[in-house]
Amino acid sequence: MQNNLDNPTINVVLAGVGGQGILLASEIIARAAMAAGFAVKTNEVHGMAQRGGSVLAQIRYGAVVHSPLVEHGAAQVLGSLERIESLRCADYLAPAGLAVVSSQRVVPITVSSGQAKYPEDAEARIRTAFPRLVYLDAVAMAGEIGNVKCSNLVILGALSTGLTLPAEAWQEGIRQSVKPKFVDINLRAFAAGAALDG
Amino acid sequence: MTSRVELLSGNEAIARGAYEAGVTVATGYPGTPSTEILEALSEFKPETYCEWSPNEKVALEVAVGASFTGARSIVTMKHVGLNVAADPLMTFASIGAVGGLVICVADDPGMHSSQNEQDTRHYARFAKIPIFEPSDSAEARDFTALALQISEQFQTPVILRTTTRVSHSRSIVALGQRSQPPKPAGFVKNPPRYVPIPIWGRAMRRAVEERLPRLRTAACESSANRIEMRDPALGIITGSIAYQYARDIWPEASVLKLGWSYPFPDELIRRFGAQVTRLLVVEELDDFLEEHVKALGLACDGRNVVPGVGELSPTVLRAARAKYEGRPLAPVQPRAETKDLPSRPPVLCPGCPHRGIFYALAQFDVVVTGDIGCYSLGVFPPLNRMDTILCMGAGVSMTQGFEKAGETKRVVGMVGDSTFFHSGMTGLLNIAYNRGSPVIIVVDNRTTAMTGHQPNPGSGQTLMGEAAPAASIEAIASACGIKRVLTVNPYELQQTIQALKESLAAHEPAVIVSRAPCPLDQGQPLGEALAIDQEQCLQCLECLGLGCPALEHDEAHGLRINDLLCGGCRMCKQICPAEAISGADAK
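Within each chain, residue numbers correspond to sequence positions counted from 1 in written order. Labels are handed out in written order, letters beginning with A for the chains and numbers beginning with 1 for the ligands. Whole-chain, interface and lining totals are the exception, using all residues; otherwise, since this is a predicted model, local features are given only for residues with pLDDT of at least 70 and side-chain atom pairs are given and counted only at 80 or more.

Novice: Looking at this model, I keep getting lost on the overall build of chain B. Mind explaining?
Specialist: Strands here mean DSSP runs of E at least two residues long; helices mean DSSP runs of H or I at least four residues long; both are numbered from the N terminus. Of regular secondary structure, chain B possesses 21 helices and 22 strands. For the C-alpha atoms alone, the extent of chain B along its principal axes is close to 80 × 70 × 55 Å. Comment: burial labels come from other C-beta atoms within 10 Å of the residue's own C-beta, placed from the backbone, where a count of 20 or more is buried, 12 or fewer is exposed, and between is partly exposed. Within the span of chain B, comprising 587 residues, buried residues form 55% of the whole. Counting contacts in chain B only where the partners sit at least 6 residues apart, residues at least 24 apart contribute 75% of the total. Think of it this way: build a C-beta for each residue from its backbone, and any pair within 7 Å is a contact.

Novice: Would you take a moment to explain the overall build of chain A for this structure?
Specialist: Along chain A, the regular secondary structure elements total eight helices and six strands. Taken from the N to the C terminus, the helices and strands of chain A come in the order β-α-β-β-β-α-β-α-α-β-α-α-α-α. Here the globule rule reads 2.2 Å times residues to the power 0.38, and the radius of gyration is calculated from C-alpha atoms. A globule of 198 residues ought to have a C-alpha radius of gyration of about 16 Å, and chain A, at 16 Å, matches this closely. Counting every position in chain A, which comprises 198 residues, the buried fraction comes to 61%. In chain A, the proportion of contacts linking residues at least 24 apart, taken out of those at least 6 apart, comes to 67%.

Novice: Even after reading the chapter, I still don't get the sheet that holds strand β5 (residues 101–107) of chain B, so can you show me in this structure?
Specialist: Backbone hydrogen bonds are what pair the strands of a sheet, in a parallel or an antiparallel way. Residue and element names in this part refer to chain B. With mixed pairing, seven strands are arranged side by side in an open sheet as β3-β2-β4-β5-β7-β6-β12. Here the strands that pair on one side only, and so sit at the sheet edges, are β3 (49–52) and β12 (260–262). The pairing criterion for strands is at least two bridges between them, as found by DSSP. Direction of pairing for strand β2 (residues 25–28) relative to β3: parallel, over a ladder of four bridges. Paired with Gly28 across the bridge in β3 is Trp52. Contacting β5, β6 (131–132) and β7 (158–163), helix α7 (residues 137–154) crosses the sheet at an angle of about 160 degrees to β7. Where helices are involved, their axes are fitted lines through C-alpha atoms of the stretch in contact, as for all axes, and angles between N-to-C directions lie from 0 to 180°.

Novice: So what exactly am I meant to see when it comes to helix α8 (residues 183–194) of chain A here?
Specialist: Side chains that are three or four residues apart share a direction in an α-helix, a result of its 3.6 residues per turn. For α8 of chain A, which comprises 12 residues, the first-to-last C-alpha distance of 16 Å matches the rise-based estimate of 16 Å (1.5 Å per residue) to within 8%. On the buried face of α8 of chain A, the contacting elements are α5 (138–145), α6 (151–160) and α7 (167–177) of chain A. For a helix, the expected span equals 1.5 Å multiplied by the residue count minus one.

Novice: Please explain the interface of chain B and chain A as it appears in this structure.
Specialist: Many descriptions give the size of an interface as the accessible area lost when the pieces come together. The interface of chain B with chain A comprises 49 residues on the first partner and 49 residues on the second. Of all the secondary structure elements, the ones that give two or more residues to the side of chain B that touches chain A are β8 (169–175), α11 (240–249), α14 (314–324) and β20 (551–554) of chain B. Residues of the side of chain B that touches chain A, tallied by class, amount to 24 nonpolar, 14 polar and 11 charged. Here strand β2 (residues 39–44) of chain A pairs with β8 of chain B via three bridges, running antiparallel. Within β8 of chain B, the residue paired with Thr42 of chain A across the bridge is Arg170 of chain B. Each residue gets one of three labels, nonpolar for Ala, Val, Leu, Ile, Met, Phe, Trp, Tyr, Cys and Pro, charged for Asp, Glu, Lys and Arg, and polar for the others, Gly among them.

Novice: Would you explain the environment of Thr451 of chain B in this entry?
Specialist: Residue position: Thr451 of chain B is located in the loop between β16 (439–444) and α18 (473–480). By the C-beta count within 10 Å, which is 25 here, Thr451 of chain B ends up buried.

Novice: I tried to follow the packing of helix α1 (residues 22–35) of chain A against α7 of chain A on my own but got confused; where do I start?
Specialist: Geometry of a packed helix pair, given as the angle between the helix axes and the separation of the axes. Residue and element names in this part refer to chain A. As a packed pair, α1 and α7 sit with axes 7 Å apart at the nearest point and diverge in direction by 130 degrees. It follows that α1 is oblique to α7 by the angle criterion. In terms of crossing hand, the pair formed by α1 and α7 is right-handed. Here α1 contributes Leu24, Glu27, Ile28, Ile29, Arg31, Ala32 and Ala35 to the contact with α7, which in turn contributes Ala169, Trp170, Glu172, Gly173, Ile174, Gln176 and Ser177. Here roughly perpendicular refers to angles of 65 to 115 degrees, roughly parallel to angles under 35, roughly antiparallel to angles over 145, and oblique to all remaining angles. Take the far helix as your reference; a near helix turned counterclockwise from it by less than a right angle gives a left-handed crossing, and one turned clockwise gives a right-handed crossing.

Novice: Sorry if this is basic, but what is going on with the environment of Val17 of chain A here?
Specialist: For Val17 of chain A, the position within the fold is in strand β1 (residues 10–17). When neighbours within four sequence positions are excluded, Val17 of chain A is seen to be in contact with Gly52, Ser54, Val55, Glu82, Glu85 and Val106 of chain A together with Arg344 of chain B.

Novice: Help me out: how do you make sense of the environment of Ser167 of chain B in this one?
Specialist: All names here are of chain B. The residue Ser167 is located in helix α8 (residues 164–167) in this model. On the basis of neighbour counts, which here come to 29 C-beta atoms within 10 Å, the residue Ser167 falls in the buried class. The sequence separation of Ser167 and Ala274 amounts to 107 residues, and the corresponding C-alpha distance is 34 Å. In contact with Ser167, not counting residues within four places along its chain, are Ser9, Gly10, Asn11, Pro33, Ser34, Ala106 and Thr162.

Novice: Can you help me understand the pairing of strand β4 (residues 75–80) of chain A in this one?
Specialist: Consecutive residues of a regular strand have side chains that alternate between opposite faces of the sheet. All names here are of chain A. Burial analysis of β4 places six of its six residues in the buried class, which makes it a mostly covered element. Pairing geometry for β4 and strand β5 (residues 93–102), over five bridges, is parallel. Residue pairing across strands places Leu78 opposite Ala99, the latter belonging to β5. Traced from β4 through helix α2 (residues 83–88) to β5, the parallel crossover comes out right-handed. Clockwise travel from the first strand over the helix to the second, with the strands pointing away from the viewer, marks a crossover as right-handed.

Novice: Explain the sheet that holds strand β14 (residues 367–369) of chain B to me, please; I cannot follow it from the model alone.
Specialist: Residues and elements named next belong to chain B. As summarised here, the arrangement of the five strands in space is β14-β15-β16-β18-β17, forming an open sheet in which the pairing is parallel. Sheet topology places β14 and β17 (484–488) at the edges, where each strand pairs with a single neighbour. Between one strand and the next, the sheet's axes are offset by a mean angle of 20 degrees, whatever the strand orientation. Pairing of β14 with strand β15 (residues 411–416), which is carried by three bridges, proceeds in the parallel orientation. Each bridged residue has a counterpart across the sheet, and for Thr369 the counterpart in β15 is Gly413. Contacting β16, β17 and β18 (510–515), α18 runs over the sheet at an angle of about 170 degrees to β17. Running at roughly 170 degrees to β17, helix α19 (residues 493–505) makes contact with β16, β17 and β18 of the sheet.

Novice: Would you mind going over the pairing of β8 of chain B with me for this structure?
Specialist: Bridge count between strand β1 (residues 4–9) of chain B and β8 of chain B: six bridges; the pairing is antiparallel. Within the sheet, the bridge partner assigned to Glu6 of chain B lies in β8 of chain B and is Val173 of chain B.

Dropping the structure here:
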């Protein structure tokens, strides 16, 4: 299902819950890929789905990119800022792809109101679904660095181990996407994620 | 000249194209997925005047005025907005533009944030005007300038149609300089040109028909339409985002790429048909192109293999290709069991003031006619307090029909502040005039929240950043003739319930303005995060009736407040019978 091997398009899928910082993470990947000289397309969910619903961002880069949407089974990496959202998007990942999943558990209103159950075996399912997995508590790691809101950058750092963009490109992507006073903490959150073994 | 490139969404690229093409007046009404066009264009103030009009009809009429002076203008809206603006559109199509006027309409295949799935291309044929359909951000910029030029050259309004995936996908765009806008000549009095009373309107009607073949010829020659010859065994006719998907799924196929799809470029379609063995039309939503290709006498496939409901994607087209080729799709082994995953629908934010009014409404057995906005989310359990949604403004108007038809329950209409100004006001006037007696609740959070906090006539400021008079909902209601008009703070639950109770008991129409600013717009929580004292908690779960995402509960983990989410609104504290919820009191 990939494009031809001489000229593969790299596909990234990010999942989570509205408000977790997926749009920023998507922008950083896109700008990093641009800095590395690639053509880029991204797609993110806006509007109603952002009000605490499931959200998905898709990023594709390469020499030529047509569709901004990733085909099932084609993503080299899948990042998820919430536990079960990774399962919802699991089918996007290519057979040998890397999944980076935060253990964060955001209980949907459908569970709190008693209509559904949050699966207690989520971690076991995640470990079965993703043979190549980094499973981490991105919120705790970001908290240690100084701001829980940087958990998206921790995920991004870990994801970067499954891609081949140079470190300078990532730094450039971060610098272009966050306010100057937040560059340093975001770089540190990214580095903490990148230090995890994918 | 050095060419600068930038990563832009389709919407930002339209704004860039409009700016570079010398647009001086831009209007619109917010609506996903179109909203960011005008927001991005307003960054170029004061060179470009931008306004959020109260509704799409007004927005188009403002732009028509600008066009008649010779200025270039754009109007932005979502697909259903064009229904509201259809009245000026249909007659303006006959009168014709002076300065270029482009109507940017964003469709929402798949209904990500819309109440229906509607294909705007039909409006182009209906109004007999050109329509452009960019497939990425670079084309969004280019086609905006091209559409403005065609508008002026042929004296016609032009539609620029995007879809959610064009508007909200980002890709690389080469930026250009702003061309000096033509100095508007000013309005030149000429009644036969501008006044479609029948004697002059009939001539305009003939001019529209004479314009169509000339537009058709221009579409055949336009750079927006092109034939990409590869393998002649299969020729795909496509446009918009479907072109991008088709290129991924049928990389070897020849393609007729239609960026200017109506008036149909017949000669180009025939020429392409003659160059390929088989024709396949790949289009999202209706079989708009396919029907016409067949009408030209060309055999083709299309809707028989490509779905017409919901949005397309590479995954959907992969399945369509297998069907087209009559072979089974290679089965994909699902990685994980997902059938039992709890769904995660959008929900009112923690700290949202609308939650208070919904909680209050839940105490009464009434019919609630709802409307379009964040408060549409009140339909979901556990709030469950909205019974109908139709279109902008209908939350107010429909109450009258329920009552006059003899509905036995009391009827409550609910509408947001921006929607009230958009088209709820006229429904209220009708209620007062035609002696209705519903309770109308205006949930006034001082902004257009769902689309990302655009100012509206009640906000006290404009898109240009200027201070403006804040329209008073209470004064409008009084001026309509409503005598029972009251204002509540929805965070005070008991007072809100009491106000509702009294209004429902009265035998006259009432307007309750539920007023509190959107905390998301204010940029800070209302107070510190609250916490539950697990020893005090009776596990009665009364608080869960609020449907607050910060109140998390399941059997395995019990009841807790997620302090990362809690907005500090204290509604849960007010209804806890055990006083088990602690936290700082109101500021």
